[in-house]
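# Examining the three-dimensional arrangement
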Amino acid sequence: MITSSIFAYLHKGRDKNAPVPTEIYTFKCDLKITYIIEVEYHQHDIVILKFYQKNHRHSENRYSLLNSSKFLKRNHTNGASNFLKILNTITIIAIKIFQENRNLSIGFIGSPTNFEKSELNSQNINPDLTVAKTKRYNVYSIYVKRYFSPEQFDHVELETSSSYLLKSKNNKALTVGTIEEFFRDYINNYC
Amino acid sequence: MGFIKKNSTKNVSKKTIHKNKSIQSKFVHKAKVLSNADIQANRSQAYSFLSL
């Protein structure tokens, strides 16, 4: 049961420095790392969820960084169960904000790792420098299909940019064309 | 994050391709709305949808 496998989180309030209205949540995981969740509120009732480690917060690569193998080994873990609890926690936060406004559609972009952004992966890098089908995108896509019912959400994939939108079925005005324009503008302005 | 192991590519070029932020791309990524069949085919039946 997802609700029994989450981390205790705090709603820290609004990020006053963010370019769009953004609410901040934090939690500490089993590896004693604090995570920051950003919930960005955009037009068309779209929220974009992003998260990173607090100790990476000053890095422009914060969404791409990973725990090292050495760190995981030192903690006697492959990180999998901790990672699932992280996703569960973010999901509970997403559910909470959805229940406050059932018109909201929830989106994310699976950030590429540093390797996926490199020349070695150039065949998957688009002209706008987004990366197709990143590892994060693949994992998150499987995860959301597991829990978010197609009776309440349309699952919208934009594989070439590793973007995904859980479109609320209550929001009849949000079309596929608008979603495509949204992500084009989002990538241009915020990535 | 912890689930994904760092790819070890010590001895090969890992030059990151950087974005020129002055160029606004008109590249539009196509959206695909998944059918129920698409979703069911890619999820484990061991899990229940969340009741929202």
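One can find the structure itself at the top, above this paragraph.
First, a word on what this report is: a plain description of the structure on this page.

Each helix and strand counted, chain B has 1 helix and 1 strand in total. The burial tally for chain B puts 23% of its 52 residues in the buried class. Total accessible area computed for chain B in this model is approximately 4,000 Å², and 52% of it derives from carbon and sulfur atoms.

Considering all chains together, one arrives at 10 salt bridges over all chains under this definition. Between Glu 180 of chain A and Lys 30 of chain B there is a salt bridge, with its nearest N and O atoms 3.7 Å apart. Taken together, the residues span two chains, with Glu 180 of chain A in helix α4 (residues 176-190) and Lys 30 of chain B in the segment before β1 (32-33). According to the relative accessible area criterion, Glu 180 of chain A is buried, its value standing at 10%.

Let us now look at α4 of chain A. Residue and element names in this part refer to chain A. Helix length check: α4 (15 residues) gives 20 Å between terminal C-alpha atoms against 21 Å at 1.5 Å per residue, within 8%. Turning to α4, its buried residues are Thr 178, Ile 179, Glu 180, Phe 182, Phe 183, Tyr 186, Ile 187 and Asn 188. Those residues of α4 hidden inside the fold are in contact with β3 (34-42), β4 (46-53), β5 (105-109), β6 (153-158) and β7 (163-168).

Before going further, it helps to examine the pairing of strand β2 (residues 22-28) of chain A. Residue and element names in this part refer to chain A. The buried fraction of β2 is high, at 6 of 7 residues. Pairing between strand β1 (residues 9-14) and β2: 5 bridges, direction antiparallel. Across the sheet, the residue bridging to Tyr 9 is Phe 27, located in β2. Across 7 bridges, β2 lies against β3 in antiparallel orientation. In the strand pairing of β3, Thr 22 is matched with Glu 40. Between the end of β2 and the start of β3, which pair antiparallel, lie 5 residues, with Lys 32 showing a positive phi angle near 65°.

Okay, the sheet that holds β5 of chain A next. Pairing is mixed across the open sheet formed by 8 strands, whose spatial order is β1(A)-β2(A)-β3(A)-β4(A)-β5(A)-β7(A)-β6(A)-β1(B). Every interior strand has two partners, whereas the edge strands, β1 of chain A together with β1 of chain B, have only one. Together, β3, β4, β5, β6 and β7 of chain A together with β1 of chain B form the strand contacts of α4 of chain A, whose direction differs from that of β4 of chain A by roughly 40°.

Moving on: the pairing of β3 of chain A. Burial runs high along β3 of chain A: 7 of the 9 residues are buried. Taken together, β3 of chain A and the strand that follows it, β4 of chain A, pair antiparallel across an intervening segment of 3 residues, in which His 44 of chain A is found at a positive phi of about 65°.

Its 13 residues give helix α3 (residues 135-147) of chain A an end-to-end C-alpha distance of 19 Å, which sits within 8% of 18 Å, the value for a rise of 1.5 Å per residue. Among all positions of α3 of chain A, only Arg 136, Tyr 137, Tyr 140, Ser 141, Tyr 143, Val 144, Lys 145, Arg 146 and Tyr 147 of chain A are buried. For α3 of chain A, the elements touching its buried residues are β4, α2 (80-100), β5, β6 and β7 of chain A together with α1 (36-41) of chain B.

This next bit is on the nonpolar core. Grouped together as the largest cluster of nonpolar side chains are 41 residues, with contacts concentrated most on Ile 37, Val 39, Phe 51 and Ile 86 of chain A. Elements with a contribution of two residues or more to this core: β2, β3, β4, α1 (69-74), α2, β5, α3 and β7 of chain A. When residues in this core are grouped by element, the largest group, 10 residues, is from α2 of chain A. With residues near it in sequence (within four places) discarded, Val 39 of chain A still touches Pro 21, Thr 22, Glu 23, Tyr 25, Val 47, Ile 48, Leu 49, Ile 93 and Ile 97 of chain A. In this structure, Ile 46, Ile 179 and Tyr 186 of chain A together with Ala 31 of chain B belong to the second largest nonpolar core, which totals 11 residues.

The next subject is the packing of α2 of chain A against α3 of chain A. Residue and element names in this part refer to chain A. Contact geometry for α2 and α3: axes closest at 12 Å, N-to-C directions at 55°. As far as their axial angle goes, α3 and α2 are oblique. In the packing of α2 onto α3, the handedness of the crossing is right-handed. Across the interface between the two elements, Phe 83, Leu 84, Leu 87, Asn 88 and Thr 91 from α2 touch Val 139, Tyr 140, Tyr 143, Arg 146 and Tyr 147 from α3. Across the contact of α2 with α3, the residue classes tally to 7 nonpolar, 2 polar and 1 charged.

Calculation notes
- Residues numbered from 1 in each chain as written.
- Chains lettered and ligands numbered in written order.
- Predicted model: local features only at pLDDT ≥ 70, side-chain atom pairs only at ≥ 80, totals over all residues.
- Heavy atoms only, no water.
- Helix = DSSP H or I, 4+ residues; strand = E, 2+ residues; numbered from the N terminus.
- Buried < 20%, exposed > 50% of the residue type's maximum accessible area, 1.4 Å probe, protein only.
- Areas by Shrake-Rupley, 256 points an atom, 1.4 Å probe, with all protein chains shown as cover.
- Salt bridge = Lys/Arg side-chain N within 4 Å of Asp/Glu carboxyl O.
- Expected span 1.5 Å × (residues − 1).
- Contact = heavy atoms within 4.5 Å.
- Pairing = 2+ DSSP bridges.
- Axes fitted to C-alpha atoms, helices over the stretch in contact; angles between N-to-C directions.
- Core = buried A, V, L, I, M, F, W, Y, C linked by side-chain atoms within 4.5 Å.
- Parallel < 35°, antiparallel > 145°, perpendicular 65-115°, else oblique.
- Left-handed = near helix turned anticlockwise from the far one by under 90°.
- Nonpolar A, V, L, I, M, F, W, Y, C, P; charged D, E, K, R; others polar.

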